[in-house]
Amino acid sequence: MTTETETPEQITDAWREAIAARRIQAAEGQAVPGAQVSRPTRDEMTRRNFIRLSFWSGLGLTLLGTVAATLDFLYPRGIKGFGGPVPAGNATEYPRGGDPQHNIIGQFWLMNLDPNETRAGGSGGGAGMLALWHRCPHLGCTVPWRSGFTYEGDQGWFRCPCHGSTYTKSGIRVFGPAPRSMTTMKVDIDDSGNLTVQTGDRLPGSPDNPQRAVDHPSLPT
């Protein structure tokens, strides 16, 4: 009986294979550790917080700028025409007791009331310049001055063409569905007699409209 004898090279190769197998195989019951989750460092946390703060700060500034720009656009500046001061000529252009003059730009009637005009549709005792918004307090129709219109035997009234509301020269309601008298506007007169009507400064009409007239030495008498 012969026994095969292993050569030194064969023995060396066998040892190498055994060692390699032990390196790549885990023992039974032995857990192989997985990759550990690394926690962010203090520098990484600081960087993240800075990025978040920068984002929300930028968004807030953008929104604030948008709101400011919108308000700046909507804020009224240098209003011209209705809603602001409207030049209305000089006091010498308005004879005392004359018919009201219509200002289309300012949407008002302007007149120089004569306190001695005692007729029913007259001044109501008012003296000086009075501005009346031409809008009817009923439904907003433009009210014309009708010098030839007669009401209760007297000629010359404001008469609304929509529903017949009737007003005296000083804007006092005497007939119709309007709930009150015509709205008045503030009148300014400078030392030279130049007239400016503040169309944004309005007061609801009432029986005291004649007392709102503004007298001035430059007005014709």
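It should be emphasised that the depicted structure is a prediction, and the values quoted were computed from it without experimental measurement.

> Help me understand the sheet that holds strand 8 (residues 173-175) in this model?
Hydrogen bonds along the backbone pair up the strands of a sheet, which may run parallel or antiparallel. Pairing within the open sheet is antiparallel, and its four strands lie in the order 5-6-7-8. Looking at strand neighbours, the two that pair on one side only are strand 5 (145-151) and strand 8, the edges of this open sheet. In this structure, strand 5 lies alongside strand 6 (residues 154-159), joined through four bridges in antiparallel fashion. Bridging across to strand 6, Tyr151 finds its partner in Asp154.

> What exactly am I supposed to notice about the packing of aromatic side chains here?
All chains considered together, the criterion is met by six aromatic pairs. Between Trp109 and Phe158, the aromatic rings sit 5.6 Å apart at their centres with planes inclined by 65 degrees, giving edge-to-face as the arrangement. Within this pair, whereas Trp109 is found in strand 3 (residues 108-113), its partner Phe158 is found in strand 6, the two being separated by 49 residues in sequence. For the pair Trp109 and Phe158, one class covers both residues: buried. Taking 5.3 Å as the distance between ring centres and 85 degrees as the angle between the ring planes, the aromatic pair formed by Tyr151 and Trp157 counts as edge-to-face. For Trp157, a relative accessible area of 2% corresponds to the buried category. Here the aromatic residues Trp109, Trp145 and Phe158 are joined through ring pairs into a cluster of three or more.

> Would you take a moment to explain the state of the cysteines for this structure?
Inspection of the entire model under this criterion finds one disulfide. Two residues, Cys141 and Cys162, share a disulfide whose sulfurs are 2.1 Å apart. The S-S bond linking Cys141 to Cys162 shows a torsion near -105 degrees; that makes this disulfide left-handed. Placement of the pair is Cys141 in the loop between strand 4 (128-133) and strand 5 and Cys162 in the loop between strand 6 and strand 7 (166-167), with a sequence separation of 21 residues. The exposure class of Cys141 is buried, given its relative accessible area of 18%.

> Before we go on, may I ask you to explain the sheet that holds strand 9 (residues 184-189) in this structure?
Ordered in space as 1-10-9-4-3-2, the six strands form an open sheet in which the pairing is antiparallel. Each edge of the open sheet is held by one strand with a lone partner, namely strand 1 (85-90) and strand 2 (101-103). The average undirected angle you get between the axes of adjacent strands in this sheet is 30 degrees. Looking at chain direction, strand 3 and strand 4 are connected through six bridges and run antiparallel. By the bridge assignment, Met111 is partnered in strand 4 with Leu130.

Cut-offs and rules
Residues numbered from 1 in each chain as written. Predicted model: local features only at pLDDT ≥ 70, side-chain atom pairs only at ≥ 80, totals over all residues. Heavy atoms only, no water. Pairing = 2+ DSSP bridges. Helix = DSSP H or I, 4+ residues; strand = E, 2+ residues; numbered from the N terminus. Phe/Tyr/Trp six-rings, centres within 6.5 Å; stacked < 30°, edge-to-face > 60°. Buried < 20%, exposed > 50% of the residue type's maximum accessible area, 1.4 Å probe, protein only. Disulfide = S-S within 2.5 Å. Axes fitted to C-alpha atoms, helices over the stretch in contact; angles between N-to-C directions.

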